[in-house]
2 protein chains.
Amino acid sequence: MKQISESNPLQDFFEMDIRPYISLKEFEPDEFIIREGERPTYLYYLLEGRAKLFISQENGSISLINFIEAPCFIGEMELLDANRLPQGLKAISTCSCYQIDISGCGDRILRDVKFLRYLCRFLSTKATQNTDNYMRNQSYPLKIRLAEFILKMAVNGYYREPHTEAAEFLGVTYRHLLYVLAQFVKEGILEKTKQGYEVKKTEALRGLIKNEVHNSQY
Amino acid sequence: MKQISESNPLQDFFEMDIRPYISLKEFEPDEFIIREGERPTYLYYLLEGRAKLFISQENGSISLINFIEAPCFIGEMELLDANRLPQGLKAISTCSCYQIDISGCGDRILRDVKFLRYLCRFLSTKATQNTDNYMRNQSYPLKIRLAEFILKMAVNGYYREPHTEAAEFLGVTYRHLLYVLAQFVKEGILEKTKQGYEVKKTEALRGLIKNEVHNSQY
DNA sequence: GCCTCCATGTGAGAAATCTCATATAATGGA
DNA sequence: TCCATTATATGAGATTTCTCACATGGAGGC
């Protein structure tokens, strides 16, 4: 955790001098960036890496609900709305972030017009992208969505998500997920090992996605 | 279009005095609130009514992409980002709005901390809701999603969306949409007339949705 | 009027997905 | 250790949804 002193790209998002509050922070794969229900003491800006958002249901089970991809802010919702209960966020790959100590400057950030404007633009752009994404995705068969999912979740060439979690996220039954995974294994795209499913043909997965996207332009 | 002079609920969202720029405006069903590609001259706040968001594809066809429901701002994305090309928005039911003349105060609004903060909170809450909604929906069979869709789209008890548009929005084939609509007719939930499908059993549609939501809590 | 285009509508078989039943590890308490 | 719970795994039949083929009707251009 070293201090940033010189010019910093993050400074572009603010009118105030944010640099005194910034430090660098890395999270290892599977490490929690934010624990569910625990109010974060930092506002993060994810420079590199992927993370997954969780929420736990009334019945106690945990659900994967979304992905976070660099570059973007993390924890801005909790900063904006003190009443919102934070969702859990866990690193997929190594995540390097700037962390901004909001205990020192949270109220000033919330009066920084440049930052608020940037955030509004970012959030509305993301909303549009999310909608597009949902619309595009909903008509694809599991084979395609699973291909995307595996590529997003794989670390060092290995896919090792719990099937129950994946099935819920993908909106299909456990049974059917297993069925399609078995197809991938039969086609030699995946190989089952003790460390998880090894991705043998990344290109085949990418191909599935690309073809489907293009076919849908009818 | 009458002037608002006394206290106004919209004022709560702003630090500046917004009242001089506000007027009331009503849109009839099927009337465009924003035409695609045409930069709106007002920021709207929808008080009552429902509207649908459109976008036209590269190939010239038009796609329904989302719903807007009161109360919420309309046109805030275009205000925030002058480069964004506006999506089309059409009233489903009668929509009453406040309209804020941004030619007179757009730059002041964009420096209004209270407004920007409200908008950030609103956008992030909406993003969360959208995600939840999408997650919940994706696993439902068409029967359920169509029930919701019909309830949202019906005006005065009549559903009359073009099937091509509806099928695309719901992410199913035209063929299958027709099949499920025919089921609804057979069950006496809908009745086909020259003015569109008449909704005969609103409660049956609501029941479909509710049951499915509850069943999914396993 | 005639032609084209597109939305509407129907049938039949195939593919995707679900339900249910059942069995075997793996995991976490008591 | 043993038990209870949960994740993993597979089979078989039912339901949902898709594909494709084809027919009809309306709207606009000429």
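Residues numbered from 1 in each chain as written. Chains lettered and ligands numbered in written order. Predicted model: local features only at pLDDT ≥ 70, side-chain atom pairs only at ≥ 80, totals over all residues. Heavy atoms only, no water.

Engineer: Looking at this structure, I do not really get the packing of aromatic side chains. What am I missing?
Structural biologist: Aromatic ring pairs are defined here through the distance separating the ring centres and the angle between the ring planes. Within this structure, the stated rule accounts for 31 aromatic pairs over all chains. Taken together, a centroid distance of 5.7 Å and an interplanar angle of 75 degrees make the contact between Phe27 of chain A and Tyr44 of chain A edge-to-face. With Phe27 of chain A in strand E1 (residues 22-27) and Tyr44 of chain A in strand E3 (residues 42-48), this residue pair connects regions lying 17 residues apart in the sequence. The class of Phe27 of chain A is buried, set by a relative accessible area of 3%. When the ring of Tyr134 of chain A is compared with that of Tyr134 of chain B, the centres are 3.9 Å apart and the planes differ by 5 degrees; the resulting orientation is stacked. Taken as a pair, Tyr134 of chain A in helix H3 (residues 113-138) and Tyr134 of chain B in helix H3 (residues 113-138) lie in two separate chains rather than in one. For Tyr134 of chain A, a relative accessible area of 12% corresponds to the buried category. (Phe/Tyr/Trp six-rings, centres within 6.5 Å; stacked < 30°, edge-to-face > 60°. Helix = DSSP H or I, 4+ residues; strand = E, 2+ residues; numbered from the N terminus. Buried < 20%, exposed > 50% of the residue type's maximum accessible area, 1.4 Å probe, protein only.)

Engineer: Please clarify how the protein's contact with DNA strand C should be interpreted in this entry.
Structural biologist: As a structural note, the neighbourhood of DNA strand C is formed by 15 residues, with Thr173 and His176 of chain A together with Tyr174, Arg175 and Lys192 of chain B the closest of them. Within 4 Å of the protein, atoms of DNA strand C come from sugar and phosphate in 58% of cases. Here His176 of chain A contributes a side-chain N or O atom positioned 2.8 Å from a phosphate oxygen of DNA strand C. At a separation of 2.7 Å, a base oxygen of DNA strand C approaches a polar side-chain atom of Arg175 of chain B. Among the secondary structure elements, those contributing two or more residues to the surface near DNA strand C are helix H6 (174-186) of chain A together with helix H5 (163-170) and helix H6 (174-186) of chain B. The dominant element in the surface near DNA strand C, judged by the number of residues it contributes, is H6 of chain B, at three residues. When its residues are assigned to classes, the surface near DNA strand C shows seven nonpolar, five polar and three charged. (Near = heavy atom within 4 Å. Polar contact = N/O pair within 3.5 Å; in protein donor to acceptor, adjacent residues only side chain to side chain. Nonpolar A, V, L, I, M, F, W, Y, C, P; charged D, E, K, R; others polar.)

Engineer: For this particular structure, what's the right way to read the sheet that holds strand E10 (residues 190-193) of chain B?
Structural biologist: Pairing between the strands of a sheet comes from backbone hydrogen bonds, and it takes one of two forms, parallel or antiparallel. Residues and elements named next belong to chain B. What the three strands build is an open sheet, ordered E9-E11-E10; its pairing is antiparallel. Strands at the two margins of the open sheet, each flanked by one partner only, are strand E9 (158-159) and E10. The pairing of E9 with strand E11 (residues 196-199) spans two bridges and is classified as antiparallel. Pairing of Tyr159 across the sheet is with Tyr197, part of E11. (Pairing = 2+ DSSP bridges.)

Engineer: Honestly, a negative patch on the surface in this entry has me stumped. Any pointers?
Structural biologist: A contiguous patch of negative charge, built from Glu26, Glu28, Glu31 and Glu48 of chain A, is present on the exposed surface. Given the relative accessible area of 41%, Glu28 of chain A is considered partly exposed. (Patch = residues over 30% accessible without salt bridge, like charges linked within 9 Å, V, L, I, M, F, W, Y side chains within 5 Å. Areas by Shrake-Rupley, 256 points an atom, 1.4 Å probe, with all protein chains shown as cover. Salt bridge = Lys/Arg side-chain N within 4 Å of Asp/Glu carboxyl O. Lys, Arg positive; Asp, Glu negative; His and termini not counted. Charge placed at Lys NZ, Arg CZ, Asp CG, Glu CD.)

Engineer: Is there a simple way to explain the interface of chain B and chain A in this structure?
Structural biologist: One widely used convention gives an interface's size as the accessible area the parts lose upon coming together. With 35 residues of chain B at the contact, the number on the chain A side is 35 residues. Counting the surface lost from both chain B and chain A, the interface buries some 2,900 Å², and carbon and sulfur atoms represent 60% of this. Contact with chain A buries area across many residues of chain B, yet Arg117, Cys120 and Tyr134 of chain B alone supply 18% of it, more than any other trio. The interface formed by chain B and chain A holds zero salt bridges in total. (Contact = heavy atoms within 4.5 Å. Buried area = accessible area lost by both parts, 1.4 Å probe.)

Engineer: Explain the side chain of Glu161 of chain A to me, please; I cannot follow it from the model alone.
Structural biologist: Residue and element names in this part refer to chain A. Looking at the element boundaries, Glu161 is found in the loop between strand E9 (158-159) and helix H5 (163-170). Look at Glu161 and you get buried, because its relative accessible area is 11%. Of note is the side chain of Glu161, whose polar atom sits 2.9 Å from the side chain of Lys52. Once you skip the residues sitting within four places of it in the chain, Glu161 turns out to touch Lys52, Phe149 and Met153.

Engineer: Honestly, the domain arrangement of chain A in this entry has me stumped. Any pointers?
Structural biologist: Residue and element names in this part refer to chain A. Along its sequence, chain A is carved into domain 1 (9-135) and domain 2 (140-216). Summarising the inter-unit geometry, the C-alpha centres of domain 1 and domain 2 are found 27 Å apart. Domain 1 puts twelve residues into the contact, and the matching count from domain 2 is ten residues. Surface buried jointly by domain 1 and domain 2 totals about 960 Å² across both partners, of which 58% is contributed by carbon and sulfur atoms. When residues of domain 1 are sorted by the area they lose upon contact with domain 2, Arg50, Leu64 and Phe67 head the list and together hold 49% of the total. Remark: the boundary between domain 1 and domain 2 carries one salt bridge. In this structure, the salt-bridge partner of Glu161 is Lys52, at a minimum N-O distance of 2.9 Å. Taken together, domain 1 and domain 2 are joined by four residue pairs in polar contact (both at pLDDT 80 or more). Per-element tally for the side of domain 1 that touches domain 2: the top contributor is strand E5 (residues 62-69), with seven residues. Partitioning the side of domain 1 that touches domain 2 into residue classes produces six nonpolar, three polar and three charged. (Domains from an automatic or database assignment.)

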